[in-house]
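Understanding the architecture of this molecule
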Amino acid sequence: MTDDPQAAIDAASEQRERGRDARVYEHTAGDVQDGIPFIGAGPGDPGLLTVTGKDLVEDADLVVHAGSLVNSELLDEFCADAETVSSVGKDLEELIPLMRDAHEDGRTVVRLHSGDPAIYGAALEQMDALEQEGVPTYIVPGVTSAFAAAATLRTQLTLNGTANHVAFTRPQGRTLDAEDDHVSEFVGMGDVTTCIYLGTHAIPDVMDRLLDDGRDPDTPVTVVYHASWPDEDVIEGTVETIGEQVADAGYRASALVVIGDAGAGANYDRSYLYGDWANRGDSEADD
């Protein structure tokens, strides 16, 4: 047993450098495995929790969840018989023993993240620390907020002739240095739909930097607050206007920012998939 989660993380990284975990080749993403599942709760609406995630949550004795980032309706509906503990305000030194001890006591433990654990979830460090304690873990994917936002907007994040690429990113701030902020680069590429996470509070500053970098002020920007929640709100504007619009709305967190024509569902071309290539066979049917 270790009292140092960082040492456990470093040890896990060293193990990966020597080769992949055998479980990578033994299981698919939909398999229920031994140990503690790290489940993506989805963007908010309880109906967007996956079937596997729902089954695991309903069978749990202890659900450690991401606080207000997980819709309380989901907890009420699926966790009525479980002890629920918010991870908010708890560091690894508190979370890891909490989950380890419950698992070792024979309780069924679930770690419930918002969205998908693979996107800004900080799941791997928890999993590595638990694995070093002898507790197996695995991931059950979820629906990330960018996909819920696209569904709300009735559009795609990739559109032929408009956006061939998608960037999931976040802006500079307390936990990201300015040199690691690539929002302007993505927007400047033109055919990238840029989805900004963890940046609601910084939207005016982000847009000011884009303007300072010479980005087109008329580039469409859509902000979806609480995508799929009952209080979901959509604000549409441009690089030039959206900062003031969001400030006026008073939102400081929990919004997904979509920059680019694809977010507006505009200026796209008919796809090849259901056009000239429709009868060419499966090998060329991925466009």
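None of the values given here were measured: they were computed from a predicted structure.

Turning our eyes to something else, we now look at helix α3 (residues 51-58). Residues of α3 that are buried: Gly-53, Leu-56 and Val-57. In a view along the axis of α3, the buried residues occupy a sector of 100°, so they form one face of it. Elements in contact with the buried residues of α3: β1 (36-40), β2 (62-65), α4 (72-78), β4 (109-113) and β5 (137-140).

It is worth spelling out the side chain of Asp-181 at this point. In this fold, Asp-181 is placed in the loop between β6 (165-169) and α8 (183-189). The class for Asp-181 is buried, based on a relative accessible area of 12%. Here Val-183 takes part through its backbone nitrogen, which lies 3.0 Å from a polar atom of the side chain of Asp-181.

For the rest of this paragraph, the subject is helix α6 (residues 123-132). For α6, the full list of buried residues reads Ala-123, Gln-126, Met-127, Asp-128, Ala-129 and Leu-130. Along its buried surface, α6 packs onto α1 (5-18), β1, α5 (92-104), β4 and β5. Residue Gly-134 follows α6 closely and has a positive phi angle near 85°.

This part takes up the sheet that holds strand β9 (residues 233-238). Spatially, the five strands line up as an open sheet ordered β6-β7-β10-β8-β9, and their pairing is mixed. For this open sheet the edge positions go to β6 and β9, each flanked by a neighbour on one side alone. In this sheet, neighbouring strand axes are inclined to one another by 20° on average, regardless of whether the strands run parallel or antiparallel. Here five bridges tie β6 to strand β7 (residues 192-196), and the two strands are oriented parallel to one another. For Phe-168, the partnering residue across the bridge sits in β7 and is Cys-195. Set on the sheet, helix α9 (residues 203-212) makes contact with β7, β8 (220-225) and β10 (255-259); between it and β10 the angle comes to about 15°. Relative to the sheet, helix α10 (residues 242-249) contacts β8 and β9, its axis offset from that of β9 by approximately 150°.

Parameters at a glance
Position numbers for residues start from 1 in each chain and track the written sequence from start to end. A pLDDT threshold of at least 70 governs which residues receive local features in this predicted model, and a stricter bar of 80 or more applies before side-chain atom pairs are shown or counted, although totals over entire chains, interfaces and linings include all residues. The basis for every side-chain value is the complete set of non-hydrogen atoms in the structure, without hydrogens or water. Each residue is assigned to one of three classes by its accessible area relative to the maximum for its type, calculated with a 1.4 Å probe on protein chains only: buried under 20%, partly exposed between the two thresholds, exposed over 50%. Only DSSP runs of H or I with at least four residues qualify as helices, and only runs of E with at least two residues qualify as strands; both kinds are numbered from the N terminus onward. The directions considered for the arc run from the helix axis to the C-beta atoms. Contact definition: two residues touch when any of their heavy atoms are within 4.5 Å. Think of a polar contact as two N or O atoms within 3.5 Å of one another; within protein, one of them needs to be a possible hydrogen donor and the other a possible acceptor, and neighboring residues in sequence only count if both atoms come from side chains. Here the rule is simple: two strands pair whenever DSSP picks up at least two bridges between them. All axes are obtained by fitting lines to C-alpha atoms, using only the stretch in contact for helices, and the reported angles, taken between N-to-C directions, cover 0 to 180 degrees.

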